[in-house]
Amino acid sequence: MREVCVIGVAMTRFGRYSEIWMEEFAREACEAAIHDSGVRREDIQVAYCSQSFQGRVAGQRILKDLGLPGIPVINVENACAGGGTSFHATWMAIAGGFYDVGIAIGVEKMTKGLIPPNPEDLEGLLGRTYPGRFAMMAQRHMYEYRTTREQLAKVSVKNHQNGSLNPYAHYRESLSLEAVLNSRMVAEPLTLLQCCPVTDGAAAAVLCSKDIAKKYHDQPIEIVASIVTSGVYQSIRKGDFSSETELSKRAGEKAYEMAGIGPEDIDVAEVHDCFSIAELLHYEELGFCRFGESGKLIEEGTTSLNGRIPINPSGGLLAKGHPMGATGIGQIVEIVWQLRGQAEKRQVKNPKVGLTHCVGGATPGIGQGACSVHILKK
Amino acid sequence: MEKEKRKMIPFREGLFTVPSSLSEKPHLIGSRCQNCQEVMFPSRPICLNCFGKNLEQVALSSRGRLFTFTINHQGAKEFSPPYASGYIDLPEGVRIYSLLTGWETKGLKIGAEMELVIEKIKEDNEGNVVLGYKFRPL
């Protein structure tokens, strides 16, 4: 297996692009990532494109005007973990020696409102919404660990504060704790400002094998772990973790093992904060604190921009936005900028190792469909 | 005459029994794996726990405990908020997502004992009553 680096990244500002074709704004992200990488367009040998709602051959439709004739373009769907999945697939193609240079693309143009459940999904048919699902996790966390409404809301306050410093974020206003708590109730205890918005956007990353990386870019970022995994059934009879917790925990452990490091070595992370409670759960699953202590972690400011382990410096899904198939690549873009020292006003102090984590695709029986974790190193 | 045409139909077949008299209790229909004894809902041909294929259909307990819940203030399609939903742990060791009823008067508490009821969840385009399962606090 060859070592692989990220040499070019770019994203559109996440927001609402109702007047623009997705092919157009996604192409702009690809062009910018290619330009950032220093490769010539014709050097790109393979493309993986993730999306959930863009129809057939989305990747080809994006790349058709870029002059990349005839390369294999593989379209990937893995719900909210789609971006992590297309990045993983590109990594795999290069690590395996099949190609030297590839591009990972993520794009989504969302429709307004709640994401509809799959028709076979029994829970979805009986009124289970995504906010409702996470609200139930929040209620249980509050019951078991005495996590408070204020601690939940503080996740959103932190991420909106970070988002206010990010020119690529959908929402760029910082919010007070009162504003978050007093916004419209969506599913108790989650208020509107603790739910990620409906967002469009695209992100892209150019990858190449490590041995040629310096030829293109003077600051290649190494991919030291790349994991995609799926949910498995967990028996409550045996007192197992919930399927969701087991999935992110297992993905994290596999990534740490692959990188030969532990959670204490991570300097900055982007995790899947689709709802405030989700970020707290991920602190625990990814080992940034012990189970039950995530409320304390946010309370003490440990995950703030100037804390011991800054989490979601980009503003996360809550403020930067969540264009499903693009989210995972958007996280990679942020971590690459952080490791290069290009994150401007939201720059974390000299990080050397960063982690990204995305998860999604609610599926009764196995919890979530997919989870992807990456560890990048300067 | 109009009224007689309206039928009571389950929202999906094979999920629950509908009592034919008031003294009878409704049940959800699950599967028990003959190999590992795992009980699952809904019933299925392959065990989620051990992937065994020897499963028997079982009527599940109609009482359980509330594992967690929420009051939804933004509804899924065809559901008008506010409505409550939650997960119920049955004694067989199966956790079931369900709509909740009776919470407006009795309130909801994690750990509380809950009972299965079969109720209307909506009407279809032809005016038929669509039945589904819900749990209510005892």
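The rules behind these values
Residues numbered from 1 in each chain as written. Chains lettered and ligands numbered in written order. Predicted model: local features only at pLDDT ≥ 70, side-chain atom pairs only at ≥ 80, totals over all residues. Helix = DSSP H or I, 4+ residues; strand = E, 2+ residues; numbered from the N terminus. Buried ≥ 20, exposed ≤ 12 C-beta atoms within 10 Å, placed from the backbone. Contact = placed C-beta atoms within 7 Å. Domains from an automatic or database assignment. Nonpolar A, V, L, I, M, F, W, Y, C, P; charged D, E, K, R; others polar. Axes fitted to C-alpha atoms, helices over the stretch in contact; angles between N-to-C directions. Parallel < 35°, antiparallel > 145°, perpendicular 65-115°, else oblique. Left-handed = near helix turned anticlockwise from the far one by under 90°. Pairing = 2+ DSSP bridges. Core = buried A, V, L, I, M, F, W, Y, C linked by C-beta atoms within 7 Å.

(A) Quick look at the overall build of chain B. For chain B, the helix and strand inventory stands at two helices and ten strands. Considering only C-alpha atoms, chain B reaches an extent of 50 × 35 × 35 Å along its principal axes. Residues counted as buried form 32% of the 138 residues belonging to chain B. In chain B, the share of contacts with a sequence separation of at least 24, taken over all contacts with a separation of at least 6, comes to 46%.

(B) Seen up close, the domain arrangement of chain A. All names here are of chain A. Partitioning chain A into domains gives domain 1 (4-112 + 199-221) and domain 2 (123-196 + 225-377). The distance between the C-alpha centroids of domain 1 and domain 2 comes to 23 Å. Counting residues at the interface gives 35 residues for domain 1, matched by 35 residues for domain 2. Among the elements of the structure, strand 1 (4-11), helix 3 (82-95), strand 4 (101-108) and strand 7 (201-209) are those that each provide at least two residues to the side of domain 1 that touches domain 2. Here the side of domain 1 that touches domain 2 takes seven residues from helix 3, the largest share from any one element. Residues of the side of domain 1 that touches domain 2, tallied by class, amount to 18 nonpolar, 14 polar and three charged.

(C) Here's a closer look at the packing of helix 9 (residues 243-259) of chain A against helix 10 (residues 276-285) of chain A. Residue and element names in this part refer to chain A. Between helix 9 and helix 10, the least distance of the axes is 9 Å, while the angle of their chain directions is 50 degrees. When the axis of helix 9 is compared with that of helix 10, the two are oblique. Considering the relative orientation of helix 9 and helix 10, their crossing is right-handed. Seen from helix 9, the contacting residues are Thr245, Ser248, Lys249 and Gly252; seen from helix 10, they are Leu281, His282 and Glu285.

(D) How the structure looks around the interface of chain B and chain A. Each partner contributes residues to the interface: chain B has 28 residues there, and chain A has 26 residues. Broken down by secondary-structure element, the contributors of at least two residues to the side of chain B that touches chain A are strand 6 (63-72), strand 7 (83-90) and strand 8 (94-100) of chain B. When residues of the side of chain B that touches chain A are assigned to their parent elements, the largest contribution, six residues, is made by strand 6 of chain B. Partitioning the side of chain B that touches chain A into residue classes produces 13 nonpolar, eleven polar and four charged.

(E) Focus on the sheet that holds strand 7 of chain A. Residue and element names in this part refer to chain A. Across the sheet, nine strands lie side by side as 3-2-4-7-1-8-11-10-9; this open sheet has mixed pairing. With one partner strand each, in any of the chains shown, strand 3 (73-76) and strand 9 (268-270) form the two edges of the open sheet. On average, each strand axis in the sheet is inclined to that of its neighbour by 25 degrees, with strand direction left out of account. Docked against the sheet, helix 9 engages strand 8 (221-230), strand 10 (353-363) and strand 11 (367-377), running at close to 25 degrees with respect to strand 11.

(F) Spatial organisation of the nonpolar core. All names here are of chain A. The biggest cluster of nonpolar side chains holds 150 residues, and the ones touching the most others in it are Val6, Ala204 and Ala205. The element best represented in this core is helix 13 (residues 324-340), accounting for nine residues. Two domains each provide a minimum of three residues to this core, namely domain 1 (4-112 + 199-221) and domain 2 (123-196 + 225-377). Other than its neighbours up to four places away in sequence, Ala205 contacts Val6, Gly8, Val9, Ala33, Phe87, Ala104, Ile329, Ile332 and Val333.

(G) Molecular detail of the pairing of strand 6 of chain B. All names here are of chain B. Counting buried residues in strand 6 gives eight out of ten residues, a clear majority hidden from the surface. Two strands pair when backbone bridges link them, and strand 6 and strand 9 (residues 113-123) are joined in this way by three bridges, in the antiparallel orientation. Bridge pairing links Arg65 to Glu113 in strand 9. The sheet contact formed by strand 6 and strand 7 spans seven bridges and is antiparallel. Bridging across to strand 7, Thr68 finds its partner in Tyr87.

(H) Region of interest: the packing of helix 3 of chain A against helix 13 of chain A. Residues and elements named next belong to chain A. Where helix 3 meets helix 13, the closest approach of the two axes is 5 Å, and the angle between their N-to-C directions is 60 degrees. Judged by the inter-axis angle, helix 3 sits oblique to helix 13. Side by side, helix 3 and helix 13 meet where Gly82, Gly83, Gly84, Thr85 and Phe87 of the first sit next to Met324, Gly325, Ala326, Thr327, Gly328, Ile329, Gly330 and Ile332 of the second. For the contact of helix 3 with helix 13, the per-class residue count stands at five nonpolar, eight polar and no charged.

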